[in-house]
Amino acid sequence: LKMSWFRLYLPLHVLMASCLCHAIKAPATGSQQRFNIGLFNFYHSMILADGKETTIHLLKDIPKRYYFVLEEGRTLAPFSITVTPCDVPIEWSILVHKASGSILGKATGGDHETQEVSKSQKAPSMVSTIFNYKGNSVETYMGMSSHSALYMLEFLSTERDTHITVYLTTDTTSGHLYPELPMDPRIDVIGIGHTTVTLTWKHSPSVLQHRESIQYCLLVNEKHNYKSLCAAETAIRSSGMKLPPTLALSLSPYLLEPQQVMILSNSELSIINKVSSGEVRQICMGTKNTYTVPSLTPDTQYYFDVFVVNLLTNASAAYTGTFARTLEEPEPKMMELKDGKVIQVVLDGKKQKFYSLQYQARHKKIQFTFQLCRGQVRVHITKNGKTVASENISGLRHFPLKGKLLDTYLVQLRSTEDFNSSVKVQVSPHFHKPLFPLLPESLKIKSFSKLRTCNSVTIAWLGTQEESKYCVYKRRIEEDQVWRELQSADRCSGPESRHRSEKVLCKYFYDLNLQRAVTAETIKGLDAGTLYLFDVYLLGPSGIPVRYHSKVVKTRKKC
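Residues numbered from 1 in each chain as written. Predicted model: local features only at pLDDT ≥ 70, side-chain atom pairs only at ≥ 80, totals over all residues. Heavy atoms only, no water.

With an unreviewed UniProt entry as reference, the protein chain is termed Protein NDNF, source organism Sapayoa aenigma. In the Subcellular location (unreviewed entry) part of its UniProt record, the protein chain is described as follows: "Secreted". (UniProt positions renumbered as here; feature names shortened; annotations may be inferred.)

Student: What am I meant to see in the overall build of the protein chain here?
Tutor: On a plain count of helices and strands, the protein chain comes out with five helices and 39 strands. Within the protein chain, the proportion of its 559 residues that are buried is 46%. By element, 52% of the accessible surface of the protein chain is carried by carbon and sulfur atoms, the whole surface being about 28,800 Å². (Helix = DSSP H or I, 4+ residues; strand = E, 2+ residues; numbered from the N terminus. Buried < 20%, exposed > 50% of the residue type's maximum accessible area, 1.4 Å probe, protein only. Areas by Shrake-Rupley, 256 points an atom, 1.4 Å probe, with all protein chains shown as cover.)

Student: It is not clear to me how the sheet that holds strand β36 (residues 518-524) should be interpreted in this structure. Could you clarify?
Tutor: Hydrogen bonds along the backbone pair up the strands of a sheet, which may run parallel or antiparallel. If you trace the three strands from one edge of the open sheet to the other, you get β32-β33-β36, paired in antiparallel fashion. The strands lining the two open edges of the sheet, one partner per strand, are β32 (446-447) and β36. Direction of pairing for β32 relative to strand β33 (residues 456-462): antiparallel, over a ladder of two bridges. The partner of S447 across the bridge, within β33, is I459. (Pairing = 2+ DSSP bridges.)

Student: Teacher, can you tell me more about the pattern of salt bridges here?
Tutor: A side chain with one charge can pair with a side chain of the opposite charge if their charged atoms come near. Under the criterion given, the structure shown has 15 salt bridges. Here D535 makes a salt bridge to R498, at a shortest N to O gap of 2.8 Å. Here the residue D535 occupies a position in strand β37 (residues 531-539), and R498 occupies one in the loop between α5 (482-488) and β35 (503-509), the gap between them amounting to 37 residues. Across the pair, R498 and D535 agree in class, each one buried. Through salt bridges with shared partners, a single network forms among R498, E502, D535 and R547. (Salt bridge = Lys/Arg side-chain N within 4 Å of Asp/Glu carboxyl O.)

Student: Mind showing me how you'd approach the confidence of the model for the protein chain here?
Tutor: As a general rule, the predicted coordinates of low-pLDDT regions are not to be interpreted in detail. With 75% of its residues at a pLDDT of at least 70, the protein chain reaches an overall mean of 79. Counting contacts from residues 1-28, a segment whose pLDDT is below 50, to residues more than four positions away or on other chains yields 48 contacts. Low pLDDT, under 50, characterises residues 242-276; the stretch is placed with 87 contacts to residues that sit more than four places away or in other chains. (pLDDT = per-residue confidence, 0-100. Contact = heavy atoms within 4.5 Å.)

Student: Quick question: what am I supposed to make of the side chain of T530 here?
Tutor: One can find T530 in the loop between β36 and β37. With a relative accessible area of 10%, T530 lands in the buried category. Engagement of the side chain of T530 in a polar contact is seen with the backbone oxygen of D527, the distance being 3.4 Å. A polar atom in the side chain of T530 sits 3.1 Å from the backbone oxygen of A528. When neighbours within four sequence positions are excluded, T530 is seen to be in contact with R476, V553, K554 and T555. (Polar contact = N/O pair within 3.5 Å; in protein donor to acceptor, adjacent residues only side chain to side chain.)

Student: Looking at this structure, how should I read the sheet that holds strand β13 (residues 187-192)?
Tutor: With antiparallel pairing, the three strands of this open sheet are ordered in space as β13-β14-β19. One side of each edge strand has no neighbouring strand; the edge strands of this open sheet are β13 and β19 (290-293). Taking the axes of each pair of neighbouring strands and ignoring which way they run, one obtains an average angle of 25° across the sheet. In the sheet, strand β14 (residues 197-201) pairs with β19 via four bridges, with the strands oriented antiparallel. Across the sheet, residue L199 finds its bridge partner in β19, namely Y291. (Axes fitted to C-alpha atoms, helices over the stretch in contact; angles between N-to-C directions.)

Student: What's the story with the state of the cysteines in this structure? I'm lost.
Tutor: Note: disulfide means a covalent bond formed between the sulfur atoms of two cysteine side chains. If you walk through the whole model with that rule in mind, you get five disulfides. Sulfur-sulfur distance for the disulfide between C86 and C230 comes to 2.0 Å. Where C86 bonds to C230 through sulfur, the torsion about that S-S bond is close to -95°, and the disulfide is left-handed. On the criterion of sequence distance, the pair formed by C86 in the loop between β4 (77-85) and β5 (90-98) and C230 in helix α4 (residues 229-238) is long-range, its members being 144 residues apart. A relative accessible area of 1% places C86 in the buried class. When its relative accessible area of 16% is taken as the criterion, C230 is described as buried. The disulfide that involves C373 links it to C492, with 1.8 Å between the sulfurs. (Disulfide = S-S within 2.5 Å.)

Okay, structure coming up:
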């Protein structure tokens, strides 16, 4: 069998003339009609290379055809074709036009709609479809021809634009481009923990024969399994993440070391990153066939795919993927609240679970105080099993309650956002000595547009009837940082978290008449046309800070 494309012109010319002549004489079937149309475009079409993996791009609903010729050289001419869809399911078929002889073949690897034709064709001009397939699995057709024949491969994607890889070989004795899979290609889950999953799989025959050039790589994600490495690469790229063109999901022996963990970020391949669709990891562990995946999230379903990769060719074969759910995180021990002690609780927004605190009353009158630091929090308080308070809190909130000695109070907190929230909590019987400062009606900072200049702005805020210390801080900020800064601001942090250069002033202020409890400051020495973020901190007698809502103001560009 020969595939000498540089010496094909004369044999193909003769063969085509014969094919076209017979095509005119014989009535055309559907397959033959398509084949005859393809012959007219033969010289303008792609000839499929032998022994090389070819990437083919398909446009939706537009068939694409490739050709190859088997020349008579020996009694039986074996060949195989492997097609790997890299995204959506595709349809593909093999048609043959030959003068005489027989074609025998079989398909391996698919689990979808597959049809095979095995016939003896004695009419000299017959065109026949010897194989067709529809699906997104890696499919291999292995055939054998006894006479010269012209073959056409037709590919079609009906869902959307996509790409595939095709590998044709007529050399079935000198090894394989793709690593071999074992007879049982399943991945077994042999251990599940709260944050770990242990996997094992049977060795590939290629690993046993070529240990130095073959290694296993594991892909972990929270969406679904992938039937090929190029399918995983396409899916991750379509989610908006950029992959290095020379690496992508195919592994380079010069870039990856055994047991190196690579996580795909939105901009580049990095060590650790969480993406919107969950964490994606690629782990290469050399020739080990057992691996424990660490640092997983409790009570989360993960999908695991193992690929055996030929480091010399970048070709790979996929084991049958599996999935497992990590164990649910054990309930944390109930935290006991103590009189007068302030604690800060961080709430997981992803799980939306309640965090519980318990308090046994030593006085008949008590007061729970909550200061919201970040996000939004739902508070639910029960006394001896009966609900006494339940609401979403913002800013500073006090709940004065009455009961009996040794009443048991249960406080449950939950983030109402899809990101983490945090809150400070205190319970105390001492109403006359509150740790948290008295707050004004509003924690908003107001700016005056008419008083803005190129180098100054004027801001104002409300005070209280209690003498307290107010500190003003500022810093420059870019347009694209505003939303993130306002969302992530920790309203429980104090001036100690700020750089000394950001401090503008501190002042004491109060007014017994709440109508006049307002103060204003003009901040000078600013740059023209520049955004500034202003913060005001209220410090009460106990020293616990309360941060007003940040205000962003831009100085005038021209004055």
